[in-house]
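Each chain, written out:
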Amino acid sequence: MFQIIKKEEMAKGTIIRFDIAAPNIAKKVKPGQFVILRVNDTGERIPLTVADKDEFAGFITIIFQVVGKTTALMRSLNVGDMIKDVAGPMGKPADVEKIGTIIMVGGGTGVAILHHVAKAFKDAGNYVIGIIGARDKDMLILEKEMAGFCDELVVTTDDGSYGLQGFVTDPMKKYLDERDDIKLIYTIGPIKMMHFVCKITEKYKIKTMVSLNPVMIDGTGMCGGCRVTVDDKIQFCCVDGPDFDGHKVDFDELEKRNSLYQQDEKESLLFSIR
Amino acid sequence: MSHEDIKNMKSKTFLKTYCPHCHQSFIKDTKGEKWAKFKSSIKQNDLEVEISPYLEASDRKFSIPVKDGDQLEDLICPKCNKSLISEESKCEECGSAIGQMLVSADSKLIPFSLCTKAGCQWNGLSKADIRKITPKIKRQEMPEQDPKMRVHNFDEVPYGYTTETAMLEAERCLQCKNPKCVDGCPVNIDIPSFIALISEEKFDEAAKKIKETNVLPAVCGRVCPQESQCEELCIVGVKEEPVAIGRLERFVADYERKMDLVSMPHIGSKTNKKIAVVGSGPGGLTVAADMQLLGYNVTMFEALHEAGGVLTYGIPEFRLPKSIVNFEIDYLKKMGVRLELNHVIGQTLTVDELLENFDGIFIGVGAGLPWFMDLEGEYLGNVFSSNEYLTRMNLMKAYKFPEYDTPKPIGNKVAVIGGGNVAMDCARTAIRTGAKEVTIVYRRSRTELPARIEEIHHAEEEGINFKLLTSPIRYFGNDRAAVKAMECIQMELGEPDSSGRRRPVPLENSNFTMDIDMVIVAVGTGPNPVIFQTTPNLKRDKRGYIVVNEETMETSIPNVYAGGDIVTGSATVIEAMGAGRIAARAMHQKLSGAATKTKEEVVGVS
Ligand SMILES: Cc1cc2nc3c(=O)[nH]c(=O)nc-3n(C[C@H](O)[C@H](O)[C@H](O)COP(=O)(O)OP(=O)(O)OC[C@H]3O[C@@H](n4cnc5c(N)ncnc54)[C@H](O)[C@@H]3O)c2cc1C
Ligand code: SF4
Ligand code: FES
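Described in the following lines is the structure provided in the data block.

Criteria and thresholds
Residue indices follow the written sequence of each chain, beginning from 1 at its first position. Ligands are numbered from 1 and chains lettered from A, in the order in which they are written. Only residues with pLDDT of at least 70 get local features here, since the model is predicted, and only at 80 or more are side-chain atom pairs given and counted; chain-wide, interface and lining totals rely on the full set of residues. Heavy atoms throughout the structure, all of them, feed into the side-chain values; hydrogens and water do not. Helix and strand definitions here come from DSSP, where helices need a minimum of 4 consecutive H or I residues and strands a minimum of 2 consecutive E residues; each element is numbered from the N-terminal end. The contact criterion used is simple: two residues touch if any of their non-hydrogen atoms lie within 4.5 Å. The term polar contact refers here to a pair of N or O atoms within 3.5 Å; inside protein, the definition further demands a hydrogen-donor-capable atom paired with an acceptor-capable atom, and it admits residues adjacent in sequence only when both atoms are side-chain atoms. The rule is simple: put a 1 Å grid over the protein atoms alone, call a set of points where a 1.4 Å probe fits but cannot get out a cavity, call an open set with protein on both sides within 12 Å along at least five of seven lines a pocket, and count a residue as lining if it has an atom within 4 Å of a point. Grid points are joined across faces, edges and corners, and a volume is the space filled by probe spheres set on the points. All residues other than Ala, Val, Leu, Ile, Met, Phe, Trp, Tyr, Cys, Pro, Asp, Glu, Lys and Arg, Gly among them, are scored as polar; the first ten of these are nonpolar and the last four charged. A simple way to read buried area is as the amount of 1.4 Å-probe accessible surface that goes missing from two parts once joined, with both sides added. The term salt bridge refers to a pairing of a side-chain nitrogen on Lys or Arg with a carboxyl oxygen on Asp or Glu at a separation within 4 Å.

### Points about the environment of Ser211 of chain A
Residues and elements named next belong to chain A. By the secondary structure assignment, Ser211 is in strand E13 (residues 208-211). Measuring from C-alpha to C-alpha, the distance between Ser211 and Gly189 comes to 8.1 Å, with 22 residues separating the pair along the chain. Contacts of Ser211, omitting those with residues within four sequence positions, involve Tyr186, Thr187, Ile188, Met194, Pro242 and Asp243. A distance of 3.4 Å separates polar atoms of two side chains, one belonging to Ser211 and the other to Asp243.

### Description of empty space enclosed by the protein
Unfilled space is identified by rolling a water-sized probe across the atoms. Residues and elements named next belong to chain B. On inspection of all chains with the given rule, the structure shows 7 cavities of 30 Å³ or more. The computed volume of the largest cavity comes to approximately 130 Å³. Lining the largest cavity we find 16 residues, and of these Cys185, Ile189, Cys224, Cys230 and Glu249 sit closest to its centre. Those elements giving two or more residues to the lining of the largest cavity turn out to be helix H6 (191-199) and helix H10 (245-258). The element contributing the most residues to the lining of the largest cavity is H10, with 3 residues. Residues belonging to the lining of the largest cavity are distributed by class as follows: 11 nonpolar, 4 polar and 1 charged. The volume enclosed by the second largest cavity comes to roughly 110 Å³. The wall of the second largest cavity is formed by 14 residues, among which Cys173, Cys176, Cys181, Cys234 and Ile235 lie closest to the centre. Among the elements of the structure, helix H5 (180-184) and H6 are those that each provide at least two residues to the lining of the second largest cavity. With 3 residues, the top contributor of residues to the lining of the second largest cavity is H6.

### Let's talk about the interface of chain A and chain B
In this complex, chain A contributes 41 residues to the contact, which on the side of chain B involves 44 residues. Across the chain A to chain B interface the summed buried area is about 3700 Å²; carbon plus sulfur atoms make up 56%. Looking at the side of chain A facing chain B, the largest losses of area belong to Met222, Arg227 and Leu260 of chain A, adding up to 17% of the total buried there. Connecting chain A to chain B are 2 salt bridges. The shortest N-O distance in the salt bridge between Lys69 of chain A and Asp405 of chain B comes to 2.8 Å. Where the side of chain A that touches chain B is concerned, the elements lending two or more residues are helix H1 (23-28), helix H2 (69-75), strand E7 (85-90), strand E15 (233-236) and helix H8 (251-273) of chain A. Residues belonging to the side of chain A that touches chain B are distributed by class as follows: 15 nonpolar, 13 polar and 13 charged.

Spelled out as structure tokens, the structure:
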């Protein structure tokens, strides 16, 4: 059993942050890795990326958006409540090293993960340009935290209610046009967004890492539900990823698979409400 | 029901006895009753003896008064007047002289003895002889749930033997002096001994006998491929159906559990040495049990939220009820084994870290990485690996959706690719969860299907279709990117390959398309890379499985042992258990400094 020791509602309660006591995982987890959790005995297993950790206090932070039955159930939990199972860390850590100037592009809840990886890149001595986006002002998360360590930070909203109006790809393109010292783009967010980012950076021939988050069950490489095609080969996101070279990922396939499951997720949520 | 009652249940065995000299029958019909008739004398008075010709009866009639214990002086054939008394042999029970005759058995005549001491029952027939004479007991069937009913539920299919049928089946065993069945068992269970205990109605002792070599009899009785192990070699099987060893094993294990006769074993003197077992499948469970019994402190690490490995996440409820698996795991916990769930070794803790805290490590992580076939459209929705499908259904209990949260994969027309136990399990799960039509698509012919015969039979009874000599080559999706059809090609069998099985070769222009809305790919699994990512010095073979010393199961890292599917590739429950047993003994010998034993001495010695 794993206790929730802190709960914070973000983005008007649609995005929630939990600190969960998990000393073994906190000791091990590196930026980019995730955990699989199961709330109770009848629950499903869902992957959630670790957004932060404190190995001395022995907890990990997760940030999730309420999209389905399990995340809706999790929102109803409070400090002191227990989560039945938390297993991890899963996946390979992000490949963090000192390479120079980096653009970190995040959208939606992806910013939660981006923030953990971006901090690591900064600590490794890189010049970090952050670009984070959200649908509107209310849905924007972790701006302050990102601003705390990014060398430059640009915020976009789809509706212009805050920061620049438009998509994260607009300022990214501008940077790519203006600067020739950018060594790496690292992006996390909705699949469509990552796809766009990759299409653009491919033209500029700049290495782009994406962090994928497909449907998972076990998270240990056992089910193959998380499979993605990378470089024409089947890869299991939970053990071979979650980070891949974005220019080699077959996004069309991934989008199709994902849209199917989103449909399922909605049905499952409806079922639970009924 | 006692042994005697069982005997009485069988129709009586009529003994046709003949004179060894004139070959005429001794049987006489007196007033509608058949008796065997002889001439004899007692204290020099001639008399006539009549003996009931039934094996099970011991009635005798004498023409003058005779008491039990009186000694007949002679036995003479009433037809040719020659003495039947044997020069060479004596009664093996009382040492008296015996009359020797012949009895017809299995269209042969075999010797039959009659003791000259009134009241002595010895007849010189061996158990095998009696078998030849007695009307044959047929292999006992297990009653099963009606296929029409069971396709609507997840309850176990066979109900198991009753005490009566188990004892009847046990009667069929010849108690061979040189039992071939034992050679066929990967852990060399003392099969004739446990079967003898069943015929003596000592069911709990029978269970204990099996447990000397096999810690999971209730599981093995259900899932072992007996037809290619013990039962394949059973002597009875030469002429008729072999003794149902697996069903008997299952019976005694269930009896012991249901009657609450399972007792805590004696635990050896405690040491302060610590053992880590990685993975809680049958291999890991065996090592944990054996080492805990030897007095070590065992901690078992499991990546998932439930223990049991394939027994829990793979094999469905209707074939192996989870209550049985949980019972065995609880038993280990009661023995003192610590279970750490949600621990992915290689991630949460590494093998190196375990080595700092434990004296010995066993790696039994299975071969759980599913293979796909690299076909066009395999990414489509509703195309699952067998592992994903079974994990959702069994481990996550999706078949109980919405009571459980994991959505139930739904298909009307389901194709299962593959022909092993895994494929049968998927097909039968699909038919139970509402599929209208389920087809097993297998590239070889029926004889090559690797599944247990019983499972193939059950699948057929449940209405699963078999499309043999067929292989998929492409999947087509609908506008929602869910699979809607598949293109297949027909095969024919060519030359045998290295495994000795005939290689399937595609038949040109035999392509056809099948409408389907779900595909389950059950074409095998490989080694999972996770544990190796942080243990690069663990030596592996070309295919990625761990290399071990076969005598000890020790890996290239001292004090780290491995066994089960992660060493052999996908195999069987009992083979994983056998490997676990060897590893446990070797580990114990190394850690306690005991003299090393060979593999042969280890297996089968408890
Ligand atoms: C659907 C299905 C049906 C089958 N039917 C039969 C049958 O009828 N008869 C038969 O004899 N055999 C059958 N088999 C094969 C049999 O189940 C296996 O051969 C056997 O279970 C292998 O045992 P094992 O101990 O090696 O590993 P497994 O049973 O595979 O157990 C390995 C365990 O280790 C855990 N693990 C993996 N990686 C890690 C890690 N890094 N850290 C911690 N834990 C880890 C896994 O989660 C798993 O629980 C079947 C297999 C399947 C999939
Ligand atoms: S081979 Fe058959 S008959 Fe002989 S001991 Fe074994 S089970 Fe009994
Ligand atoms: S989540 Fe099952 S293999 Fe990746």
